[in-house]
Amino acid sequence: MNKDVISSAVLGSAVGDALGVPYEYETREYMENHQISGMSAYGTHNQPAGTWSDDTSMTLALLDSLSSGRLDLEDIAGRFVSWYRNGEYTPHGIVFDIGISTEKSVIMLENGSDPYSSGASSQFDNGNGSLMYIMPLALFLYNEENSEKRMRDVFSVSGITHNHIRSKISCFFYNELIIAAVKYRDIEKSYASACSSINNSGIFDIYPEEYDNFETLLRGNIKDLQINDIRSSGYVINTLEAALWCVFNSESYSDAVLSAVMLGEDTDTTASVTGALAGIIFGYDSIPRKWISSLANFELIKSIIKKFSNMKTVM
């Protein structure tokens, strides 16, 4: 895996995040009356243009941890705590946005909770908090041929903050989608591959009650849904469906992430999850350079990408 592929995923995600930050929580009706074409300042969180949120901060923390060449839950957990308490991995040295379940879990970690059991586990804790940072694990596991091990690792990392099985399955689906996207650079093939991985995993034999939650995704026709069928709340299933729909119904990276923001509600996470996938599918050169150069604390992002890329070259 070369540096451009890693950059396309990480920068694709960060750019989408930054595009969405000013519009988080805005309704779809509001967005329809406020067409956007690039980075905006202030808005919901009163941040400068190019500011990214907890999505990118936690993604960078995970990417930085994995740059050691090993999966270490204690190390990942420690980096999450450092982000939350000390402002590490942030654009401006402060944390201005964090989900309820994520905050609850990180505080538990800070107080000595085991990262294997710290994640929120109620069915009401299935926000997109672990989905938004899980993507680096797909890059890390790209050459892992054992799908059962990939699933176990994804479940473990998701479980640091979101330990309900629905969040874990969602993260596994997304990671399989990212791995397939790197391999095929084709959204149709990538989607089919991710659906096959989930269906063949046997997970719904263990948790049959969860199948209905994933039925829309697994039917294989997400691209044919109408925009009114797509929700963009912070619910993990909604985010997955919206991201896939945006990539399927776009001709470029820009179209995909702007479409994600225009859906309203959880704009930063929807656009971040969309952006990683779209960056890989459409390629690194498809991400507008003016958007990349607008990212706050870009040097930090570049340095962690370089560190991870060097590790992947050696492995």
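These figures come from a predicted structure and were not determined experimentally. (Residues numbered from 1 in each chain as written. Predicted model: local features only at pLDDT ≥ 70, side-chain atom pairs only at ≥ 80, totals over all residues. Heavy atoms only, no water.)

1. Points about the overall build of the protein chain
And then number 1: Of the regular secondary structure elements, the protein chain holds 16 helices and 0 strands.
And then number 2: If you line up the protein chain on its principal axes, its C-alpha atoms span 45 × 45 × 40 Å.
And then number 3: Taking all 315 residues of the protein chain together, 60% fall into the buried category.
And then number 4: A fraction of 74% describes how many contacts in the protein chain between residues 6 or more apart in sequence connect residues 24 or more apart.
And then number 5: When the accessible surface of the protein chain is summed, it comes to about 12400 Å², and 44% of that surface belongs to carbon and sulfur atoms.
And then number 6: Charged side chains of the protein chain number 23 positive and 40 negative; the gap between the two group centres comes to 7 Å. (Helix = DSSP H or I, 4+ residues; strand = E, 2+ residues; numbered from the N terminus. Buried < 20%, exposed > 50% of the residue type's maximum accessible area, 1.4 Å probe, protein only. Contact = heavy atoms within 4.5 Å. Areas by Shrake-Rupley, 256 points an atom, 1.4 Å probe, with all protein chains shown as cover. Lys, Arg positive; Asp, Glu negative; His and termini not counted. Charge placed at Lys NZ, Arg CZ, Asp CG, Glu CD.)

2. Topic: the packing of helix α11 (residues 211–218) against helix α12 (residues 236–248)
Helix packing for two helices is described by the angle between their axes and how far apart those axes are.
And then number 1: Interhelical geometry of α11 versus α12 gives an angle of 5 degrees and a closest axis separation of 10 Å. One element, α11, and the other, α12, form an angle in the roughly parallel class. Between α11 and α12, the contacting residues are N213, F214, T216 and L217 on the first element and I237, L240, E241 and L244 on the second.
And then number 2: Classifying every residue of the contact of α11 with α12 gives 5 nonpolar, 2 polar and 1 charged. (Axes fitted to C-alpha atoms, helices over the stretch in contact; angles between N-to-C directions. Parallel < 35°, antiparallel > 145°, perpendicular 65-115°, else oblique. Nonpolar A, V, L, I, M, F, W, Y, C, P; charged D, E, K, R; others polar.)

3. Notes on the pattern of salt bridges
And then number 1: Enumeration over the complete set of coordinates arrives at 13 salt bridges.
And then number 2: Of the charged contacts in the structure, one is a salt bridge between E188 and K223, with a shortest N-O distance of 2.5 Å. Residue E188 is found in helix α9 (residues 187–200), and its partner K223 is found in the loop between α11 and α12; the two are separated by 35 residues along the sequence.
And then number 3: Connected through salt bridges with shared partners, the residues D64, D75, R79 and K307 form a single ionic network. (Salt bridge = Lys/Arg side-chain N within 4 Å of Asp/Glu carboxyl O.)

4. What to know about the side chain of E210
And then number 1: With respect to the helices, strands and loops of the structure, E210 is situated in the loop between α10 (203–206) and α11.
And then number 2: Excluding residues within four positions of it along the chain, E210 makes contact with H164, I165, R166, I169 and F204.

5. A word on the state of the cysteines
And then number 1: Taken as a whole, this structure holds 0 disulfides when the rule is applied.
And then number 2: Unpaired in this structure, C171 has its nearest cysteine sulfur neighbour in C195, at a distance of 16 Å.
And then number 3: You can call C171 buried: its relative accessible area is 0%. (Disulfide = S-S within 2.5 Å.)

6. Concerning α11
And then number 1: Within α11, the full set of buried residues consists of F214, L217 and L218. The buried residues of α11 occupy an angular sector of 85 degrees when projected down its axis, which confines them to one face.
And then number 2: On the buried face of α11, the contacting elements are α8 (165–184), α9, α10 and α12.
And then number 3: G220 occupies a position one or two residues after α11 and carries a positive phi of about 85 degrees. (Arc of directions from axis to C-beta.)

7. Thoughts on the nonpolar core
And then number 1: Counting 105 residues, the largest nonpolar core has F173, Y174, L244, L295 and I301 as its most contacted members.
And then number 2: No other element matches α8, which puts 11 residues into this core.
And then number 3: With near-sequence residues (within four places) excluded, I301 lies in contact with V10, L11, A14, W52, L60, L295 and A296. (Core = buried A, V, L, I, M, F, W, Y, C linked by side-chain atoms within 4.5 Å.)

8. Focus: unusual backbone geometry
And then number 1: The backbone of Y25 shows a phi angle near 80 degrees, a positive value even though the residue is not glycine.
And then number 2: Within the element layout of this structure, Y25 appears in the loop between α1 (3–20) and α2 (28–32).
And then number 3: A residue is classified by how much of its surface remains accessible, and Y25, at 57% relative accessible area, is exposed.
And then number 4: A positive phi is found at R185, a non-glycine position, where the angle reads about 55 degrees.
And then number 5: Tracing the chain through its elements places R185 in the loop between α8 and α9.

9. A closer look at helix α14 (residues 267–282)
And then number 1: The largest bend in α14 comes to about 25 degrees, at G275.
And then number 2: The buried fraction of α14 is high, at 15 of 16 residues.
And then number 3: Positive backbone phi, approximately 95 degrees, marks G283, located one or two places after α14. (Bend = angle between axes of the 7 residues up to and from the residue.)

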